[in-house]
Structure formats: structure tokens, C-alpha cells
Amino acid sequence: MPSGTVYGTLLNFRAEVEALAPQMNQPPYKAPPQAPVLYVKPTNTWSASGASIPVPARVPEVEVGASIAMVMAEAGAVAGYVLVNDLSIPHASFFRPPVKFKCLDGFLGIGERLVPAGEAGNPSGFSLEVRINGELKQTVNFSHLVRDAARLLADVGAFMTLRPGDVLMLGCDTGRPLAKAGDRVEITAPGFGVLSNTLVAEAS
């Protein structure tokens, strides 16, 4: 599990930016954001691979946010990369990510294998697959990022310091599948193994 802060990144896949371009050009923003759009997944959201994740009765479905994240080392270097499942309640707010939709207990699955930076290769070559109950629901290709890993890290570093143990997600693509209590969600990527979590109905 992380030893620092976990940051999510929005609007970092080209298809997502293209889909939301009309809203970005309307008031009050009138233009796309110039810096990375970040949010925090606090410690109450963290779930290990294999753990069950509770879904409140008021939430009929959750959105699966499959991604790969950088784990920081000393002096701003990247120690390695890990699979993540950034769950959220479906919503339409992307400029100001709502805490009440993204920060429910257990709503961040974290892979058990940290792939060292020297072993992982170029992050733009990463790809992953999402399966729900064994059925393929999404394929994500990280060559479609707006900011590749190095550029994202540099742009975030321009306004804040990432410390050893902090985690920075590369972002989630469009077409995020929906899942409900009772579903098993598996995220796989070559060399990363499997991040698997089962959604369960939250105890009353």
C-alpha cells in the first residue's frame, strides 16, 4: 500500500478531452485547463488486490477507473508503476472532482506488484484490460495520453513537490465500464499481474 498521498489525474486522455471540449469552452471556464487537473484519494479509499469493496445501497452502479500510477522515489524520480482501480459514483463534474463521489471507503483498488521503473519500459507503451465477471469490458492504450508520464510529472512538479511514497495516476480513458455489488473486477497489464477486487453490498 502507498506510504504517501495518492493523486488522481483527470483529462489526460485525448478522447476524454475531445468529448468534453464543448463544456470546457463554456462559462465559467471558456477554455481547456492549462495545468493537470488533480484530486486526492485519501487512505480510507485504499483497498489491496483481492479485497472486497463495499458499495452503499444508495449506489446502483460504480464507474471503474482502470489506470496505471507512478510511485515516487527520492528527488522526484519514479520508483516504479502499479495498477490501480479508481472507482467512483458516476457523475458529470470533471473540473472539480466531487469528494462524495470519489472518496468512499475502499474506492481505490491498488495492485500488489510494483514494477520497477527500469523494468517497466516506456509508459507510453503500457496497455491494460478490464474484465467484469470474466468478460472483457475495456482496453486502455497509454499511447493516447495528453501528457505522457514524463510530461505529467514535470507539469505537476512545476507547482508542487511529490515525495517518496506518493502516487500519481496517469489518468483514466473514456468508456469506463460500470459494475455493481456482486461483480468481480479484474484489471490486467503485461508484466503487472492482476488487480482483482469484488464489489459487495455495504453492511447496513
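Residues numbered from 1 in each chain as written. Predicted model: local features only at pLDDT ≥ 70, side-chain atom pairs only at ≥ 80, totals over all residues. Heavy atoms only, no water.

### Considerations on the side chain of D86
Working step 1: The residue D86 is located in strand β7 (residues 78-86) in this model.
Working step 2: Given a relative accessible area of 3%, D86 falls into the buried group.
Working step 3: Looking at D86, its side chain comes within polar contact range of the side chain of K41, at 2.7 Å.
Working step 4: With residues near it in sequence (within four places) discarded, D86 still touches Y39, K41, E63, V64, G65, K102, F107, L108, M169 and C172. (Helix = DSSP H or I, 4+ residues; strand = E, 2+ residues; numbered from the N terminus. Buried < 20%, exposed > 50% of the residue type's maximum accessible area, 1.4 Å probe, protein only. Polar contact = N/O pair within 3.5 Å; in protein donor to acceptor, adjacent residues only side chain to side chain. Contact = heavy atoms within 4.5 Å.)

### A word on the environment of V185
Working step 1: Residue position: V185 is located in strand β14 (residues 184-189).
Working step 2: On the basis of relative accessible area, V185 is assigned to the buried category, the value being 1%.
Working step 3: Counting along the chain gives 119 residues from V185 to A66, while the straight-line C-alpha distance between them is 9.9 Å.
Working step 4: In this structure, V185 is in contact with V64, N85, V130, R131, I132, A179, L195, S196 and N197, ignoring residues within four places of it in sequence.

### Examining the layout of surface pockets
Working step 1: When its volume is computed, the largest pocket comes out at roughly 190 Å³.
Working step 2: If you go around the largest pocket, you meet 14 residues; those closest to its centre are M1, P2, V82, I110 and G111.
Working step 3: Considering only residue class, the lining of the largest pocket consists of ten nonpolar, two polar and two charged. (1 Å grid on protein atoms, 1.4 Å probe; cavity = no way out; pocket = protein on both sides within 12 Å on 5 of 7 lines; lining within 4 Å. Points joined across faces, edges and corners; volume = space filled by probe spheres on them. Nonpolar A, V, L, I, M, F, W, Y, C, P; charged D, E, K, R; others polar.)

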